[in-house]
2 protein chains.
Amino acid sequence: MATSTAAARREEARLAYDAFLEECPTGQLLARISDKWVGLIVSALGQAEDRSLRYSDLGRKIPGVSQKMLTQTLRSLERDGLVTRTVTPTVPVRVDYRLTDLGSSLGGLLSSVKLWAESHFDEVSAHRDTFDRATATS
Amino acid sequence: MATSTAAARREEARLAYDAFLEECPTGQLLARISDKWVGLIVSALGQAEDRSLRYSDLGRKIPGVSQKMLTQTLRSLERDGLVTRTVTPTVPVRVDYRLTDLGSSLGGLLSSVKLWAESHFDEVSAHRDTFDRATATS
DNA sequence: CTGTATCCAAGGTGATACTG
DNA sequence: CAGTATCACCTTGGATACAG
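The text that follows walks through the structure, step by step, so that each part is easy to find. (Residues numbered from 1 in each chain as written. Chains lettered and ligands numbered in written order. Predicted model: local features only at pLDDT ≥ 70, side-chain atom pairs only at ≥ 80, totals over all residues. Heavy atoms only, no water.)

**Regarding the overall build of chain A**
Quick reminder of the rule: Strands are runs of DSSP state E lasting at least 2 residues, helices are runs of H or I lasting at least 4, and numbering of each runs from the N terminus. Between two residues, a contact is recorded if the distance between any of their heavy atoms is within 4.5 Å. Exposure was quantified through the Shrake-Rupley algorithm and a 1.4 Å probe, taking into account, for residues, occlusion by the shown protein chains and nothing else.
Counting secondary structure elements, chain A contains seven helices and three strands. Going residue by residue from the N terminus, the α and β elements of chain A occur as α-α-α-β-α-α-β-β-α-α. In chain A, the share of contacts with a sequence separation of at least 24, taken over all contacts with a separation of at least 6, comes to 49%. Counting only carbon and sulfur atoms, one obtains 55% of the accessible surface of chain A, whose full area is about 8100 Å².

**Details of the interface of chain B and chain A**
It is common to give the size of an interface as the accessible area that goes away when the parts come together. The condition that has to hold: Buried area counts how much accessible surface, traced with a 1.4 Å probe, disappears from two parts once they are put together, with both parts' losses summed. Here, a salt bridge means any side-chain nitrogen of Lys or Arg that lies within 4 Å of a carboxyl oxygen of Asp or Glu. Whenever a nitrogen or oxygen atom comes within 3.5 Å of another N or O atom, the pair is scored as a polar contact, on the condition that within protein one atom can donate a hydrogen and the other can accept it, and that pairs from neighbouring residues in sequence are kept only if both atoms are in side chains.
Chain B puts 39 residues into the contact, and the matching count from chain A is 39 residues. Contact between chain B and chain A buries roughly 3900 Å² in total, counting both sides, with carbon and sulfur atoms accounting for 75%. Taken as a group, B:Arg79, B:Trp116 and B:Arg128 account for 19% of the area that chain B buries against chain A, more than any other trio of residues on that side. In this assembly, chain B and chain A are joined by four salt bridges. Close ionic contact of B:Arg128 with A:Asp80 constitutes a salt bridge, the shortest N to O distance being 2.6 Å. Across the chain B-chain A interface, the total number found is eight residue pairs in polar contact (both at pLDDT 80 or more). Secondary-structure elements contributing two or more residues to the side of chain B that touches chain A are α1 (6-23), α2 (25-33), α3 (36-47), α5 (67-79), α6 (101-119) and α7 (121-136) of chain B. Of all the elements, α6(B) adds the most residues to the side of chain B that touches chain A, at 11 residues.

**Remarks on unusual backbone geometry**
Residue and element names in this part refer to chain A. Stated precisely, the cut-off is as follows: Only protein chains enter the accessibility calculation, which uses a 1.4 Å probe; a residue is then buried when its area is under 20% of its type maximum, exposed when over 50%, and partly exposed in between.
Despite not being glycine, Asp-50 shows a phi value in the positive range, around 60°. Positionally, Asp-50 belongs in the loop between α3 (36-47) and β1 (52-54). Given a relative accessible area of 53%, Asp-50 falls into the exposed group.

**Some details on the pairing of strand β2 (residues 83-88) of chain A**
Residue and element names in this part refer to chain A. Here is the rule: Strand pairing is assigned whenever DSSP detects at least two bridges linking the two strands.
Of the strand pairs in this sheet, β2 and strand β3 (residues 94-99) are connected by six bridges, and their pairing is antiparallel. If you follow Thr-84 over to β3, its bridge partner there is Arg-98. The antiparallel hairpin formed by β2 and β3 contains five residues in its connecting segment.

**Some remarks on the nonpolar core**
To keep things clear, this is the line we draw: We call a set of buried Ala, Val, Leu, Ile, Met, Phe, Trp, Tyr and Cys residues a nonpolar core when their side-chain atoms join them within 4.5 Å.
Counting 61 residues, the largest nonpolar core has A:Leu58 and B:Leu58 as its most contacted members. Beyond its immediate stretch of four places on either side in the chain, A:Leu58 contacts A:Ile41, A:Ala44, A:Leu45, A:Leu53, A:Leu70, A:Leu74 and A:Tyr97.

**Notes on the sheet that holds strand β2 (residues 83-88) of chain B**
Residue and element names in this part refer to chain B. Keep this limit in mind: Helix axes are fitted only over the stretch in contact, all axes being lines through C-alpha atoms; the angle between N-to-C directions runs from 0 to 180 degrees.
Pairing is antiparallel across the open sheet formed by three strands, whose spatial order is β1-β3-β2. Edge positions in the open sheet fall to β1 (52-54) and β2, since each of these has one partner strand only. Looking at each pair of strands side by side, their axes are set apart by 25° on average, direction ignored. Helix-sheet contacts for α5 involve β2 and β3 (94-99), and the interaxial angle to β2 is about 115°.

**A closer look at the relation of the copies chain B and chain A**
These two copies of the chain differ by a rotation about an axis and a displacement along the same axis. What counts is decided by this rule: Only residues with pLDDT of at least 70 in both copies contribute their C-alpha atoms to the least-squares superposition of the copies.
Superposing chain B onto chain A takes a rotation of 180° combined with a translation of 0.0 Å along the rotation axis, leaving an RMSD of 0.0 Å. On the angle and the small slide along the axis, the relation comes out as a two-fold axis. Scanning chain B for the C-alpha nearest the rotation axis identifies B:Ser34, at a separation of 2.4 Å. Both copies contact each other with a shared surface, as 100% of the interface residues of chain B are interface residues in chain A too.

**Side note on the protein's contact with DNA strand C**
Filter applied, for reference: For this purpose, a residue is taken to be near a molecule or strand whenever a single non-hydrogen atom of the residue falls within 4 Å of it.
In the vicinity of DNA strand C lie 21 residues, with A:Ser56, A:Arg75, A:Arg85, B:Lys68 and B:Met69 positioned nearest. Sugar and phosphate atoms represent 61% of those atoms of DNA strand C found within 4 Å of the protein. Here a phosphate oxygen of DNA strand C sits 2.9 Å away from a polar atom, N or O, in the side chain of A:Tyr97. Listing elements by their share of the surface near DNA strand C, those giving two or more residues are α1 (5-23), α4 (55-61), α5 (67-79) and β3 of chain A together with α5 of chain B.

**Notes on the pattern of salt bridges**
Taken as a whole and judged by the stated rule, the model has 18 salt bridges over all chains. A salt bridge links B:Asp80 to B:Arg32, with the shortest nitrogen-to-oxygen separation between them at 3.5 Å. Taken together, the positions of B:Asp80 in the loop between α5 and β2 and B:Arg32 in helix α2 put the pair 48 residues apart, joining distant regions of the chain. A relative accessible area of 30% means that B:Arg32 is categorised as partly exposed. In the salt-bridge network here, residues are joined through shared partners; they are A:Arg32, A:Asp80 and B:Arg128.

**A few points about empty space enclosed by the protein**
What counts, and what does not: Only protein atoms enter the 1 Å grid, on which a cavity is a set of points fitting a 1.4 Å probe that cannot get out and a pocket is an open set with protein on both sides within 12 Å along at least 5 of 7 lines, lining residues being those with an atom within 4 Å of a point. Grid points are joined across faces, edges and corners, and a volume is the space filled by probe spheres set on the points.
Applying the stated criterion across every chain, the model contains one cavity of 30 Å³ or more. Its volume calculated, the largest cavity comes out at about 160 Å³. As for the largest cavity, its lining consists of 17 residues, and the residues nearest its centre are A:Ser34, A:Leu110, A:Val113, B:Ser34 and B:Leu110.

Written out as structure tokens, the structure reads:
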């Protein structure tokens, strides 16, 4: 088992990291809500009437999201109590996702961030050009 | 081209995705600022006096970040014009990162999100427990 | 329509060692 | 002190096919 030099240290680091997460759970939550899809989904739901949308509506409203990510993200949001999932057992099943009050409070913040991104995009773009030009001058 | 193997369709999808990014650059920016480390770094800088911190101070202030991620994230922030990088060529080199006005405007928002995460953590936690218990009852 | 399960490519991420 | 470079990993995320 002398092999385990690297592997052992990995494992050790891994555990240390997990312990850290346990001690710093806020980081976890922050990382979760900092997710790209979370922002888009919560924003989309927040803008919708009744803060509610169907599964397929979400998929259509959010460009580039895959079924997998949509389902996965919605699950975690449901688990965290940010959205509720309502199944209507009609013949084609209908599922609605609705923002809870908790989710709405976050939705406002994330919408602001999204708005910031939209309104400051050209500014950031300009900075990028400047930076890239300066870097190329090496 | 009956080939139409999986690889071909991959490539096609890939190009479509890139085209999408080009058409939807806001999504790029949103994804960038939704990054976990971006939030932590910008928040840390925002809370600091003079909105400025040294490289090592940042590393100490943000638990769990590696040199690589710190440098990498700071570079992208600099490129986007959210922070400025100032090198003081003393004997032990000193580098300060300072939030620009643009960065500060984002910093306020991200701090709010961070604050939300901190203040609603127990609530989310409670929801998770409920959800997990309900799921286990399958 | 709304998922679930599997496979697979790609990139994010950290550990380590080295430079100025 | 402040990086840079390399390597190895392993999670993320998409495509696909299948199910209720």
